[in-house]
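Coordinate analysis (summary)
Listed below, chain by chain, are the residues.
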Amino acid sequence: MNRRLLIPMLLLVSLLLTACGNPGTGPAQDAEKSLIVVGFSQVGAESDWRKANTLSMQTALSPENGFRLILDDAQQKQEKQITAIRNFINQGVDYIVLAPTTERGWETVLMEAKAAGIPVIIVDRMIEVADTGLFTCWIGSDFRKEGDAAVAWMDARFGDAPLRIVHLQGNIGSTAQIGRTDGLDAGLAAHPQWQLIFRASGDFTQAKGQELVEVLLREGKAFDLIYSENDNMAYGAIDALKKAGLRPGEDVKTVSFDASSTALHMILSGEISFDVECNPLHGPRVRSMIEQLEKGETPPKFTYVEETAFERDGLTEDAIAARGY
Ligand code: AHR
């Protein structure tokens, strides 16, 4: 090649490489680097509640708000959550948020996070660890209080009358299951005429809720009330009742938890009798905790979300639409 052409060409190539050849620099990369990186280990997508919870986290911890959220869906398996947390540690995230499947079995991996200097925020359910210094703070529901609220409604509605109860439990060992089951057990102990005719876990899913009630009905079991530890299992149970020609709300009452939009509409139609709120909108709450930590402040170690309960009286379409999940 002609030497007079070669030198300007080399200069041009070098200019082009500087302008667009180095992927690690530039305003976009600088903005990306300044984001707070949060690894979120989510239980799964087993329920409407869970989907609303994931969306709330994604919306609050968005790049527009200064965050990069790495979401891991554990498909309701604790071992997947432990692997996800180890991956977050290897990636050097700034914060780990854990929505735990069950209460036990977190010590080892949380010690690893602590050794790596990564703050851990627990959301929704609780964990049981001897050293609460393994996590920075927790926010979630008082699940025992939720169970007590359901039983208080049953007591007001049925008192000491005979009541045959079908109990659909959530994932065994999760705080949501433990608190709601303890509430019902206390109610059973206080009402000798209430009879527990069936109890099994439907894993918080609609399919399992339906399957369990279908089997019961095929076996010819009669009952007056279904105590379902979440809305999705209640939807499945109600489908099973309808398929068997029973009238939900008339022949069999249903008490449920979460107060998702679909369930509240089913209260209006009379299919669900009573629903205790379990609020999934934790995204803004977690964001506020991280912002406090970033400023060097100390958020409260434990924060219980205020919750209510619903029955048909006083419930309106507008009130449902305003709730956000
Ligand atoms: O931990 C909260 C519970 O988990 C909700 O009641 C249920 O719907 C979810 O899957």
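What counts and how
- Residues numbered from 1 in each chain as written.
- Predicted model: local features only at pLDDT ≥ 70, side-chain atom pairs only at ≥ 80, totals over all residues.
- Heavy atoms only, no water.
- Helix = DSSP H or I, 4+ residues; strand = E, 2+ residues; numbered from the N terminus.
- Buried < 20%, exposed > 50% of the residue type's maximum accessible area, 1.4 Å probe, protein only.
- Polar contact = N/O pair within 3.5 Å; in protein donor to acceptor, adjacent residues only side chain to side chain.
- Contact = heavy atoms within 4.5 Å.
- Near = heavy atom within 4 Å.
- Areas by Shrake-Rupley, 256 points an atom, 1.4 Å probe, with all protein chains shown as cover.
- 1 Å grid on protein atoms, 1.4 Å probe; cavity = no way out; pocket = protein on both sides within 12 Å on 5 of 7 lines; lining within 4 Å.
- Sits in = over half its atoms within 2 Å of the grid points.
- Pairing = 2+ DSSP bridges.
- Axes fitted to C-alpha atoms, helices over the stretch in contact; angles between N-to-C directions.
- Points joined across faces, edges and corners; volume = space filled by probe spheres on them.
- Nonpolar A, V, L, I, M, F, W, Y, C, P; charged D, E, K, R; others polar.

Digging into the side chain of Ser141
- Note on placement: Ser141 falls in the loop between strand E5 (137-140) and helix H6 (143-158).
- On the basis of relative accessible area, Ser141 is assigned to the buried category, the value being 3%.
- Within the structure, Ser141 has its side chain in polar contact with the side chain of Glu307 (distance 2.7 Å).
- Not counting chain neighbours up to four residues away, the residues in contact with Ser141 comprise Asp124, Glu146, Cys278, Asn279, Tyr304 and Glu307.

Structural notes on the site of the ligand
- All residues adjacent to the ligand are Glu46, Ser47, Trp49, Arg50, Asp124, Arg125, Phe143, Ala176, Arg180, Phe204, Asn230 and Asp258.
- Residue Glu46 places a side-chain N or O atom 2.5 Å away from an oxygen atom belonging to the ligand.
- Separating an oxygen atom of the ligand from a side-chain N or O atom of Asp124 is a distance of 2.9 Å.
- If the ligand stood free it would expose 280 Å²; the protein chains cover 100% of that surface.
- More than half of the atoms of the ligand fall within 2 Å of the grid points belonging to the largest cavity.
- Where the shell around the ligand is concerned, the elements lending two or more residues are helix H3 (48-60) and helix H7 (175-190).

As for the sheet that holds strand E10 (residues 274-277)
- The strand order E7-E6-E8-E9-E10-E12 describes an open sheet built from six strands, whose pairing is mixed. At either end of the open sheet lies a strand with only one pairing partner, and these are strand E7 (194-201) and strand E12 (309-310).
- Here H6 sits on the sheet and contacts strand E6 (163-169), E7, strand E8 (225-228), strand E9 (253-258) and E10; the angle it forms with E9, its principal contact strand, is near 160°.

Quick look at the layout of surface pockets
- By volume, the largest pocket amounts to about 250 Å³.
- In terms of lining residues, the largest pocket is bounded by 14 residues, among which Gly249, Gly270, Ile272, Ser273 and Arg312 are the most central.
- Taken together, the residues that form the lining of the largest pocket break down as four nonpolar, four polar and six charged.
- Size it by volume and the second largest pocket reaches roughly 200 Å³.
- As for the second largest pocket, its lining consists of Asp142, Lys145, Glu146, Ala149, Val276, Glu277, Tyr304, Val305, Glu306, Glu307, Thr308 and Ala309.
- For the lining of the second largest pocket, the leading source of residues is H6, giving three residues.
- Of the residues in the lining of the second largest pocket, the class split is five nonpolar, one polar and six charged.

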